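# Secondary and tertiary structure notes
Residues per chain, in single letters:
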Amino acid sequence: MSTDALQGYQIELLVQAEEVGALKFGEFTLKSGRISPYFFNAGLMSSGEILNTIANAYAATIIAALDAPTNPLPAFDVIFGPAYKGISLAACTALVLSAKYQRSYGFAYDRKEAKDHGEGGKLVGVPVQGKKVLILDDVMTAGTAVRLAIESIQGAEGNVVGVVQLLDREERGTNGKSTVEEVEADIGGKGRLQSVLKMRTLMTWLEQNGKAEILDKMKAYRDEYGWKA
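Computed from a prediction, not measured in an experiment: that's the story for all the values here.

## Describing the pattern of salt bridges
Using the criterion set out here, one finds eight salt bridges in the structure. As a salt-bridge pair, K85 and D138 come within 3.8 Å of each other at their nearest N and O atoms. Taken together, the residues span a long stretch of sequence, with K85 in helix α3 (residues 85-101) and D138 in strand β6 (residues 132-140) at a distance of 53 residues. The exposure class of K85 is partly exposed, given its relative accessible area of 43%. A salt bridge links R169 to E171; the shortest N-O distance between them is 2.6 Å. As far as the burial class goes, R169 and E171 line up, both buried. Put simply, R34, R169 and E171 are held in one network by salt bridges that share partners.

## Here we look at helix α2 (residues 48-66)
The α-helix winds at 3.6 residues per turn, so residues separated by three or four positions along the chain end up facing the same way. Helix length check: α2 (19 residues) gives 27 Å between terminal C-alpha atoms against 27 Å at 1.5 Å per residue, within 8%. Summarising burial for α2: 14 of the 19 residues are buried, a large majority.

## Focus: the nonpolar core
Generally speaking, a soluble globular protein has its nonpolar side chains buried in company with each other. Of all hydrophobic cores here, the largest spans 48 residues; its most connected members are L23, F40, I62 and F76. If one sorts the elements of this core by residue count, α2 sits on top with 10 residues. Of all hydrophobic cores here, the second largest spans 17 residues; its members include A108, I135, M140 and V163.

## With respect to the environment of L136
Checked against the element boundaries, L136 lands in strand β6. Here L136 falls in the buried class, since its relative accessible area comes to 0%. Considering only alpha carbons, one finds L136 and Q165, 29 residues apart in sequence, at a separation of 5.8 Å. Those residues in contact with L136, other than ones at most four positions away along the chain, are Y58, I62, I79, F80, G81, P82, G86, L89, A90, T93 and V164.

## Side note on the packing of helix α1 (residues 8-19) against helix α6 (residues 199-208)
Where α1 contacts α6, the two axes come as close as 11 Å, and the packing angle between them is 80°. With respect to α6, the element α1 is oriented roughly perpendicular. For the pair formed by α1 and α6, the contact residues are Q10, I11, L14, V15 and E18 on the first element and T201, L202 and W205 on the second. Looking at the contact of α1 with α6, its residues break down into five nonpolar, two polar and one charged.

## Comments concerning the packing of α2 against α3
For the pair α2 and α3, interaxial distance at closest approach is 8 Å and the crossing angle is 65°. It follows that α2 is roughly perpendicular to α3 by the angle criterion. Our pair here, α2 against α3, has a crossing hand that is right-handed. Within the contact between the two elements, α2 uses L51, I54, A55, N56, Y58, A59, A60, I62 and I63 and α3 uses S88, L89, C92, T93, V96, L97, K100 and Y101. Class assignment of the residues belonging to the contact of α2 with α3 gives a composition of 13 nonpolar, three polar and one charged.

Conventions used here
Residues numbered from 1 in each chain as written. Predicted model: local features only at pLDDT ≥ 70, side-chain atom pairs only at ≥ 80, totals over all residues. Heavy atoms only, no water. Salt bridge = Lys/Arg side-chain N within 4 Å of Asp/Glu carboxyl O. Helix = DSSP H or I, 4+ residues; strand = E, 2+ residues; numbered from the N terminus. Buried < 20%, exposed > 50% of the residue type's maximum accessible area, 1.4 Å probe, protein only. Expected span 1.5 Å × (residues − 1). Core = buried A, V, L, I, M, F, W, Y, C linked by side-chain atoms within 4.5 Å. Contact = heavy atoms within 4.5 Å. Axes fitted to C-alpha atoms, helices over the stretch in contact; angles between N-to-C directions. Parallel < 35°, antiparallel > 145°, perpendicular 65-115°, else oblique. Nonpolar A, V, L, I, M, F, W, Y, C, P; charged D, E, K, R; others polar. Left-handed = near helix turned anticlockwise from the far one by under 90°.

Here it is in structure tokens:
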């Protein structure tokens, strides 16, 4: 069990996520075929209240990562939200970073398909050409969505310097490797991928709330599929 202390924004996020059904415990078949004891669907976190909680959690995570004494998140110019879930996450987080921390960043996102009229193209918002870009993601499994976002940004001559995801399931991929480490290698190395929540965060929260039965199932799942560095 992790001894990591939970931050207030993590607790608030977990409580609200469970209340709206975005965080569920039971038996869920993932795309990988694995039977998971929990499921997290950020798409259900769609009220003003919980978007505010999410944005504050992302912002706090980003500030802490920028100021980390070892392997800090590099400085960046633009916050990028992959279509579609990432768009609102990035927009709200950019707003909080400006209003609460007095750090103003550009905001950009992509379309699923390129637009052939008006301004055209796939990317919307501030131009990423020559800029350092931070991608916000929700839950990374195989890393497919974030890799597509990296390709889009690089295609527009932007430089991806980091990724912040909402939840790290801390699992090994089907190839036996860690998706987190693979993505970090693609964008410059350790510390480039940060997470608001991790599986260990959920387990600590369950332990503190006396949910022993669910915790036991989480431990068993981690023992079978968890990434062991």
